[in-house]
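Chain by chain, the residues:
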Amino acid sequence: MTATAAGYHPVDLEPSLLADGTYGIRRHRSRLDVSTLLGLTIVLLYVLPGTLIVPNLTYAGRPALLVALLLFAWWCLARLNPTLLLMGPQPIRWVLCVYLVANLLSYLAGLLRGLPTQEANAQDFAMLQLFEFLGVALIAADGIRNWDRLNRVLRVAVWCTGFMAIVGIIQAVFKYDVSAHLVVPGLEVKGGLAGFGQRGDEGQFRVAGTTVHYIEYSAVMAMMVPFAIHVARFAPKRWHRWSAAACAMLAAVANPMSISRTGIVALGLALIVMVPIWSWRLRYTFMFLAAGAVMAIMFLKPGVLGTLKAMFLNVGVDPSIEGRTNDYELVGHFFDQRPWLGRGPRTLLADPVRDTILDNQWLYTLVTGGVVGVAALLAVHVVSVALAVIALRRATREEDRHLCVALVSAQVVAVVVGGTFDSLYYTTFAISLALFVGLSGAVWRFTHPTRIVRTSTVRGID
């Protein structure tokens, strides 16, 4: 069996051009590298409950987020030492720099207007979470060494998605909160677990798996389905393929268990983006699997599909939709006051009397970050899509092309669900998005025609 047949990418077998006249081995293994820490971040993010934190810290003290902050520090240190990171071009760095500057300007604007203690603390928390987001995105874009290590990160993400889907399905079928048994000694639950939320008139209830909100759970499940399908098609080992196929089915079944319109729309969009690159045989196979998933949902949770159908048909009289549209006047009020830089990151807090909060990431960014903040966030999505499309056009292997389209689908889902809930407030979704932003930069780098650009990476810790 050749190396390529064993699952290695042909490019990974090239000598790496480290500098003029200096070559290395692209497939050099390290005991601890970027891919390992990214995998650890995903495990901690998906397996542990979202409200489980290191004692005496805020929600930014989730174990996964602390590792993400470590990744940001690692990336910064690597940039200061040319022996740790080759200084090849990477568009993701520039767009994330713009995003960081936009948030810093908004932060300064908040300080200049004068903030009460609660808003000042919220603004500091937002910046800390931003650095965690940047840590995952930047280290994934610059630090993953080769296609093999990237695929390992994807497999870990898919398996953890399957675990989270099982947790949600058990919650929905038995009305038993498995996440209560995932509390690790030495950590504390802040604010309680998500629990179950009543939805509909037929006694239906919502589940959140290991996330902190039902919509977040459905959005993450929807975003991960294309990647599970990707691993199921192209993983080098049979058991990897079969386990990923099971995870894809579990995620598709778990998605409606949150009883969220957002999740259904997100899943539909993700699959619509994927369909054009599939063969007709795969499309027919997927139709049969989709029918199987629907029957599984009807068997495991009778009535949930009827509740979802009623939610879509009665959207005009839904109080949650009415609550969102009623916020438009509030958005206009705050936007007129500070249109360019906004009030400051995350400084629009819930009113204890009116319980005012914007369930719309784009409007929330407009109020707190202004036009500059919205433009910077949109640029992150657009550049990520553009890099994935460029990599798609460069790629010669079907596997690589399929992954690029999956990365496009992740950004499409993120843009759309940002209009239905404040998505970046929820860290499981936000860090998942950061990972896919970084992977868009990684596939752009891996498919670049210049070898020294393909080689640019953070070296492992030996």
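This text goes with the structure placed above it.
We now turn to the structure provided with this report.

What counts, and at which threshold
- Residues numbered from 1 in each chain as written.
- Predicted model: local features only at pLDDT ≥ 70, side-chain atom pairs only at ≥ 80, totals over all residues.
- Heavy atoms only, no water.
- Helix = DSSP H or I, 4+ residues; strand = E, 2+ residues; numbered from the N terminus.
- Buried < 20%, exposed > 50% of the residue type's maximum accessible area, 1.4 Å probe, protein only.
- Axes fitted to C-alpha atoms, helices over the stretch in contact; angles between N-to-C directions.
- Parallel < 35°, antiparallel > 145°, perpendicular 65-115°, else oblique.
- Left-handed = near helix turned anticlockwise from the far one by under 90°.
- Contact = heavy atoms within 4.5 Å.
- Nonpolar A, V, L, I, M, F, W, Y, C, P; charged D, E, K, R; others polar.
- Salt bridge = Lys/Arg side-chain N within 4 Å of Asp/Glu carboxyl O.
- Phe/Tyr/Trp six-rings, centres within 6.5 Å; stacked < 30°, edge-to-face > 60°.
- Lys NZ or Arg CZ within 6 Å of the ring centre and 35° of its normal.

To continue, consider unusual backbone geometry. With a phi angle near 50 degrees, Lys175 is a residue other than glycine that sits in the positive phi range. When you line up the elements, Lys175 lands in the loop between helix H5 (147–174) and strand E4 (188–189). Unlike most non-glycine residues, Ile259 shows phi in positive territory, near 50 degrees. By the element assignment, Ile259 lies in the loop between helix H7 (238–254) and helix H8 (261–274). Looking at Ile259, the relative accessible area reads 0%, which means it is buried.

The description of two packed helices rests on the angle between their axes and on the distance between the axes. Direction vectors running N to C along helix H1 (residues 34–47) and helix H2 (residues 63–80) enclose 155 degrees, while the axes themselves pass 8 Å from each other. Regarding the angle of H1 to H2, the classification is roughly antiparallel. As for the relative orientation of H1 and H2, their crossing is left-handed in sense. In this structure, H1 contributes Val34, Leu37, Leu38, Leu40, Thr41, Leu44 and Leu45 to the contact, and H2 contributes Pro63, Ala64, Val67, Leu71 and Trp74. Looking at side-chain class alone, the contact of H1 with H2 contains 11 nonpolar, one polar and no charged residues.

Here we come to the pattern of salt bridges. Overall, the coordinates contain nine salt bridges when judged by the stated rule. Here Glu119 and Arg343 are joined by a salt bridge, their closest N and O atoms 3.0 Å apart. Linking Glu119 in helix H4 (residues 117–143) with Arg343 in the loop between helix H12 (328–337) and helix H13 (361–394), this pair joins segments that are 224 residues apart in sequence. The residues Glu119 and Arg343 share a single accessibility class, namely buried. A salt bridge links Glu399 to Arg397; the shortest N-O distance between them is 2.9 Å. Overall, Glu399 belongs to the buried group, its relative accessible area being 15%. Within the structure, one salt-bridge network assembled from shared partners comprises Asp33, Arg145 and Arg149.

Two elements in contact, helix H6 (residues 214–234) and H8, have axes separated by 8 Å at closest approach and are oriented at 20 degrees. Overall, the two elements H6 and H8 adopt an arrangement that is roughly parallel. Note on packing geometry: the crossing formed by H6 with H8 is right-handed. On H8, the residues touching Ile215, Ser218, Ala222, Val225, Pro226 and Ile229 of H6 are Thr262, Gly263, Ala266, Leu267, Ala270, Leu271 and Met274. For the contact of H6 with H8, a count of residues per class yields 10 nonpolar, three polar and no charged.

This part is about the packing of aromatic side chains. In total, this model carries 11 aromatic pairs according to the counting rule given. Following the ring pairs from residue to residue traces out a cluster consisting of Phe421, Tyr425, Tyr426 and Phe429. Seen from the ring of Phe205, Lys175 lies directly overhead, with NZ or CZ sitting 4.9 Å from the centre. Lying across the ring of Trp280, Arg283 places its NZ or CZ 4.4 Å from the centre.

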